[in-house]
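Each chain, letter by letter, is given below.
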Amino acid sequence: MRQRIIPPTISFTPEMRPNAWDLAALPLVLGVLWLLAFGGSQMSTPYNLGDPLPMSLDPGSLPYYLLRSFLRMAAGLAASLLFTVVYATLAAKSRYAEKILVPILDILQSIPILGFLSITVTGFIALFPGNLLGVECAAIFAIFTSQAWNMTFSLYQSLRTVPHDLAEAAEMYHLSSWQRFWRLELPFATPPLIWNMMMSVSGGWFFVVASEAITVSGQNILLPGIGSYISMAIAAKNLTAIGWAILTMLVGILIYDQLFFRPLVAWADKFKFESIPGEDIPSSWLLTHMQRSKIMRTLASLPGLAWNASLPLFRRRHDGLGQPTRSVRSYPWMDKAWNALVAVTAAYALIRISDVVRVEVGLPEVLHVILLGLATALRVIVLIIIASLIWVPVGVWIGLRPKLAQTVQPIAQFMAAFPANLMFPVAVILIQKYNASVEIWTSPLMILGTQWYILFNVIAGAMSIPTDLKDAGGNFGLKGWLRWKRLILPSIFSSYVTGAITASGGSWNASIVSEMVSWGNTTLMATGVGAYIAEATQKGDFPRIWLGCCVLSGFVILFNRLLWRRLYRLAEERWRID
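Definitions and cut-offs
- Residues numbered from 1 in each chain as written.
- Predicted model: local features only at pLDDT ≥ 70, side-chain atom pairs only at ≥ 80, totals over all residues.
- Heavy atoms only, no water.
- Helix = DSSP H or I, 4+ residues; strand = E, 2+ residues; numbered from the N terminus.
- Expected span 1.5 Å × (residues − 1).
- Bend = angle between axes of the 7 residues up to and from the residue.
- Buried < 20%, exposed > 50% of the residue type's maximum accessible area, 1.4 Å probe, protein only.
- Polar contact = N/O pair within 3.5 Å; in protein donor to acceptor, adjacent residues only side chain to side chain.
- Contact = heavy atoms within 4.5 Å.
- Salt bridge = Lys/Arg side-chain N within 4 Å of Asp/Glu carboxyl O.

1. Points about helix H13 (residues 363-399)
In an α-helix, one full turn covers 3.6 residues, which means residues spaced three or four apart are oriented alike.
And step 1. In this model, H13 (37 residues) spans 50 Å end to end at C-alpha, consistent with the 54 Å of a helix rising 1.5 Å per residue.
And step 2. A bend of about 30° at Trp 391 is the largest found in H13, and the proline Pro 393 appears one to four places after it.

2. Details of the side chain of Glu 212
And step 1. As for its placement among the helices and strands, Glu 212 is situated in helix H7 (residues 177-212).
And step 2. For Glu 212, a relative accessible area of 1% puts it in the buried group.
And step 3. In this structure the side chain of Glu 212 is engaged in a polar contact, spanning 3.5 Å, whose partner is the backbone nitrogen of Ile 226.
And step 4. Those residues in contact with Glu 212 that sit more than four places away from it in its chain are Ser 69, Arg 72, Ile 221, Leu 222, Leu 223, Gly 225, Ile 226, Gly 227 and Ser 228.

3. Brief notes about the pattern of salt bridges
And step 1. If you walk through the whole model with that rule in mind, you get nine salt bridges.
And step 2. With its nearest N and O atoms 2.7 Å apart, the salt bridge here joins Arg 379 to Glu 439. Of this pair, Arg 379 sits in helix H13 while Glu 439 sits in helix H16 (residues 438-441), and the two are 60 residues apart along the sequence.
And step 3. Under the relative-accessibility criterion, Arg 379 is labelled buried at 10%.
And step 4. Its salt-bridge partner being Arg 379, residue Glu 515 comes within 3.0 Å of it at the nearest N-O pair. With Glu 515 in the loop between helix H20 (480-514) and strand S3 (516-519) and Arg 379 in helix H13, this residue pair connects regions lying 136 residues apart in the sequence.
And step 5. Salt bridges linked by common partners bring Arg 68, Arg 72, Glu 136 and Glu 212 together as one network.

4. With respect to the side chain of Ser 504
And step 1. Looking at the element boundaries, Ser 504 is found in helix H20.
And step 2. Taking relative accessible area as the criterion, Ser 504 reaches 4% and is therefore assigned buried.

Below you can see the structure in the form of structure tokens.
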């Protein structure tokens, strides 16, 4: 007889009555809800294209601007997380989908944020005529594009490198695909995913300036926010306003670290692949507060009940003890047909692209832009090598000391969130003062906002090195370079590749604003495809914007295919923690 499944229920007992912790949590929860409601109402006010939005460099307006930017970042993060779970899971689970989704992700990562804005802003405004919500959605979508790709790569890499012993245990217990994902794969991927969420949010501040300053139909729209404030301060050469913006961002980073990421890191510690005896467990005063609140515990249990109730619904129908699992049949003709379909689609796209190139810009222009892409590629390669030599040792040193990692986390978040745009005035002033080379000294601006991807991922990789491997290394007397070669580098390799591939893609994207820098009326331009796209954007030359984006995307895909994907395979096949 088939056993009837009775869904779990909540029993309200006298022990669940409110306590002092509930009374302390109530003002915080109500305050957050009020801020969300107030900010949301301001984002959907009536607006007609061409109407100026009130913006001021008055420091008293910064808290309000910070709230508006926070809401956009939060909405972008929520959309990025949903996209990540669906997209990365499909790419990791299906070899057919992987052949299309991963290259598409490479292209999406390489498309500049200016390209996304120019394509989508008109459509979003048309969705909400006479309302500011259309422009807000365009800004949120732009922020989403600065966050989603890094998170997606992280989850994809984690799902592809689940330890064999855990996968065998899941198979032994006959878990269905749904149960395996929620009980094994997503928990295993949660710690590095959270670190990359922090990195995505921090790195997203770099693109806030572009996402909050939108140009459409010849109209410049400055949405109230920190990014617009910084843009106005740079245009006005107001160093005092820039200082206030930096201070406000520091306060904002501390707020979302304490109210969001620190509780999230402490909660996700239970999903670590291995707990180290005597290791300091991450803590959060807010998480502790909420766990002691009876009402908050009850509310938090509701999603868990729904999740637990869904697990039996998708269980295997053949999960009797000792019954072998069904093998997945492979059809070679399906693989060949799928590869042929992908090849035909790619060939058709290349033909259409060549037609547009021949009509709109011409072959000499294409060759010129490819040479500009080579110049930018040289900068990216050199900068990634320098950043790796600096931050891999630092990240390992921090990651092997979990208590230190908790202390360094907010500092690293602030450095990652510090918009490189604020360094442009300093770069322009110093280059002019010392008559330095624009080609060389604008290059570091490309890596300022993206080098932290390497640091964050290496820290996460070093923290996940199993204790038995470290003990074995100590027993064998591994020291110095031999310890790095045999233990540390293989253990952090997959995490490093994830950080390096996103840092590389981010550097290509950042070249658009780094190879052409401004301070007031002074503009310096380096040679590269980024400066080409930025100049074409200012002129509104869409064929050349399109050409520059295509060349930039082509270089990113080439790097990913020839270098980063091969390193991914090496991490999966040779240096996989089991």
